[in-house]
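Descriptive structure summary
Now for the letters of each chain:
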Amino acid sequence: MSVAQLVPETWELTGDDARETLLRTGRRQLLRDAFVRLRASDGFSHARSLAFVISLLLVQGVILLVGLAAALGDTDVSATIVRSINEAAPGPAGRALTDAVFHAYRTGTSGQYFVLVVVGLTALVTGATLMGQMERALNRLYGIEQDRAPVQKYARATLLALTAGVLAVFAFSAFALGHGIGQGIGDSTATSIWRVVRWPLALALMTASIALLFRWSPNRHQPAWSWLAWGSTISVLLWSAVTLVLGLFFQASTTFSTTYGPLAGMVALLLWALLSSIAILFGAAVAVQLEAVRSGAAAPRDETKDAGEPGRGASALARTA
């Protein structure tokens, strides 16, 4: 149960209001309160749920793309994907995905189109499930206990999977798989341009994806895009740092694969997905807390809810004594 303080709707806010509120509150105080709000909304449990679905969706997406390319006889696409995954971070996760690629390639070349249709449908269902979980996580950050009705929730989740989800996939591809994709272009000039362009492109796509989620996922009337930009920017920066640091760690580590053996790829993939989910939700918590301060409900925790939970009443009374 979320014990985060309910944030009143202040949809008339603008980017200038966000800047003034940030200066008045202080960056350190805002980040501390955002972390408290993340914990109060059970954000780390939501991050674990998101990580599982993200890992599943990533594997399904790779299988679908390679299978379609193989069915159409385009071996260059499959080779580029394999090369990109092998060069991507985290490394052990790349080996796990490479195994899925070879299986998908055999499926596509053998003409098993029904299998590819099933994979496509399950990937869409997984994407909608991911966005539905994202709505729940963001609602709890805002102190909202009730999600939308199931039909409305998953209709919107499907639409977000086809928009924000696709943007996030392109961002991840440009960021983590970009070097391998550049080598597969074949033209030296285009490759040189791609090496420069892919970094700002990945950041722009990921920022747009997260901004869409922050604006349309919660079950409330959200403020202007410029107001949500602060939180989405933090999410993108943290996600980028997670991807880079884990990539460097797995490339430099000589004991990770030995420790986890055949499970190293899946462990690495789940770890990346978990830290990425935490990064995105923390950025959301910053955006929520910033709006909470502006609306006059700055306390990140709702002490009345906290006192009502079993085992927490005494601690809440002790804090107010």
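Counting starts from 1 at the beginning of each chain's written sequence and moves along it residue by residue. Residues qualify for local features only when their pLDDT is at least 70, as the model is predicted, and side-chain atom pairs are given and counted only at 80 or more; totals for whole chains, interfaces and linings, by contrast, use all residues. Side-chain descriptors were evaluated using all non-hydrogen atoms of the structure, hydrogens and water having been removed beforehand.

Let us now look at the packing of aromatic side chains. Planes of paired rings set the category: under 30 degrees apart is stacked, over 60 is edge-to-face and the rest tilted, where pairs are Phe, Tyr or Trp rings (Trp by its six-membered ring) whose centres lie within 6.5 Å. One pass over the full model with this rule turns up one aromatic pair. Arranged with centres 6.0 Å apart and planes meeting at 70°, the rings of Phe-35 and Phe-44 form a pair that is edge-to-face. Any residue under 20% of the maximum accessible area for its type is buried, any over 50% is exposed, and the rest in between are partly exposed; the area is computed with a 1.4 Å probe on protein chains only. A residue is classified by how much of its surface remains accessible, and Phe-44, at 29% relative accessible area, is partly exposed. In this scheme, Lys NZ or Arg CZ marks a charge over a ring once it lies within 6 Å of the ring centre and within 35 degrees of the ring normal. Above the face of the Trp-199 ring, Arg-198 is positioned so that its terminal group lies 3.9 Å from the ring centre. Here the basic side chain of Arg-215 rests over the ring of Trp-216, its NZ or CZ set 5.3 Å away from the ring centre.

Moving on to the nonpolar core. Grouping buried Ala, Val, Leu, Ile, Met, Phe, Trp, Tyr and Cys residues that are joined through side-chain atoms within 4.5 Å yields what is termed a nonpolar core. Core analysis: the largest hydrophobic core is formed by 56 residues, its most contacted members being Met-134, Leu-141, Met-206, Leu-213, Phe-214, Trp-272 and Leu-281. Under the DSSP-based scheme used, a helix requires at least four consecutive residues in state H or I and a strand at least two consecutive residues in state E, with every element numbered from the N terminus. Elements that contribute at least two residues to this core include exactly α2 (27-40), α3 (43-71), α6 (113-141), α7 (150-176), α9 (188-216), α10 (225-252) and α12 (264-295). Considering each element in turn, this core owes the most residues, 14 residues, to α12. Only heavy atoms enter the contact rule, under which two residues are in contact if any of them lie within 4.5 Å. Each residue touching Leu-281, except ones within four places of it in the same chain, is listed here: Leu-38, Gly-43, His-46, Ala-47, Leu-50, Met-134, Ala-137 and Leu-141.

Inspection of the secondary structure puts Glu-135 in helix α6. Accessibility expressed as a relative area gives 3% for Glu-135, which makes it buried. Discounting chain neighbours no more than four positions away, the residues touching Glu-135 are Asp-147, Arg-148, Lys-153, Ser-217 and Asn-219.

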